[in-house]
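One-letter residues, chain by chain:
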Amino acid sequence: MIIDSNTHITSDGKWFHTIHDASVSRLIHDVKESGIDAAIVMPLPGTISNDEQDVLLHGHAALLSCASFNPALYGSPFEAGEAFRKAFSSRKKTIVKFHHRFGKYHPNDERFIEVMRVNETLETPMVIAVCGLLHDRNIRESVYTPGYFFNLAQKFSRTQILIMHGGGTQIMQVAEICRDLHHVFFDLSMTLSKYRNTSVSSDIAWLCNHYDRRMLWGSDFPETSPRQALEDFYATVGNIAEEKKNNILGNNIAGLLGLNSI
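What counts, and at which threshold
Counting of residues starts from 1 at the beginning of each chain's written sequence and follows it residue by residue. Where local features are concerned, this predicted model is filtered to residues with pLDDT of at least 70; where side-chain atom pairs are given and counted, the filter is 80 or more; whole-chain, interface and lining totals use all residues. Side-chain calculation: all heavy atoms of the structure are included, whereas hydrogens and water are not. In this scheme, a residue with accessible area under 20% of its type's maximum is buried, one over 50% is exposed, and one in between is partly exposed, where area comes from a 1.4 Å probe on protein chains only. Helix numbers and strand numbers start at the N terminus; a helix is a DSSP run of H or I with at least 4 residues, a strand a run of E with at least 2. Two strands are counted as paired when DSSP detects at least two bridges linking them. Here is how to tell: hold the view so the strands point away, follow the path from the first strand over the helix to the second, and if it runs clockwise the crossover is right-handed. By nonpolar core we mean a set of buried residues, namely Ala, Val, Leu, Ile, Met, Phe, Trp, Tyr and Cys, connected to one another through side-chain atoms within 4.5 Å. The criterion used for residue contact is that any of the two residues' heavy atoms lie within 4.5 Å.

**Remarks on the pairing of strand β1 (residues 3-7)**
Counting buried positions over the five residues of β1 gives five, a clear majority of the element. Inspection of the sheet shows β1 paired to strand β2 (residues 38-41) by three bridges, in the parallel sense. Among the inter-strand pairings, T7 is bridged to a residue of β2, identified as V41. Each parallel crossover has a hand, and for β1 linked through helix α1 (residues 24-34) to β2 it is right-handed.

**As for the nonpolar core**
Membership of the largest hydrophobic core comes to 61 residues, with the highest contact counts inside it found for F84, F98, F149, L152, C208 and W217. Apart from residues lying up to four places away in sequence, F84 is in contact with F69, S89, V96, F98, V115, V118, N119, L122, M126 and I128. Counting residues in each nonpolar core, the second largest holds 17 residues, with A38, V127, M164 and I253 among its members.

**Points about the environment of Q170**
Relative to the helices and strands, Q170 resides in the loop between β7 (161-164) and α7 (171-177). Note on Q170: relative accessible area 27%, which makes it partly exposed. Expressed as a C-alpha distance, the spacing of Q170 and L133, which sit 37 residues apart in the sequence, is 9.3 Å. Contacts of Q170, omitting those with residues within four sequence positions, involve T145 and P146.

**As for the sheet that holds strand β5 (residues 95-98)**
One open sheet accounts for six strands, arranged β4-β5-β6-β7-β8-β9; its pairing is parallel. Here the strands that pair on one side only, and so sit at the sheet edges, are β4 (67-68) and β9 (215-216). By the bridge criterion, four bridges tie β5 to strand β6 (residues 127-131) in an arrangement that is parallel. Bridge assignment links I95 to a residue of β6, and that residue is V127.

Here it is, written out as structure tokens:
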């Protein structure tokens, strides 16, 4: 079973100021063309709402609609936490994506931290996906990425945390510092393909061979197609054991979400 851990769509198919096609029809085509079994679809704040995405994906069994949440839309940590509780306390376990750059809040924003605290109290905590690229021109104070995710994971031990893009070029350092925190997982989308044939690629190959139960393969569609991301994965990891490949390509994400079959 092969599951793409990170894809995106928009209602009109436009993807910011690029030529990429982010339409549902294009994703359906690319999933079928690549031969994979399913794709996780994560809405990004400001591009599509959770409800809009759910409607667009209704009836497409191979496209698994997850969710996003922007704590910066609320005036206080309490309001953000209660809004999260209302949205997810009765929902079946899913991935909830947090994207501080798109949401325009600092990674240590108290509203985000409160939402994480609330998630810990849910009967079934959601899988929390956090963009691992912590910096852009709007972040006024830098963050030490490995230490940030280590501290976050230590504080919220009931929550399975998915570091999107693995922390980018710092994926080895983040994985090493979080090596004993088994509720922390690493999404390889974007980083796997963007840095193919660099030293980062060597780091990913090593991690896939040694931390295979913590790595998740993904494409970051529409910026990379599932087919291209699969090619990049096989070229990067080389001749590692089939069991390890299977873990990374689908078993790990299926385990996180309790997917018995697609």
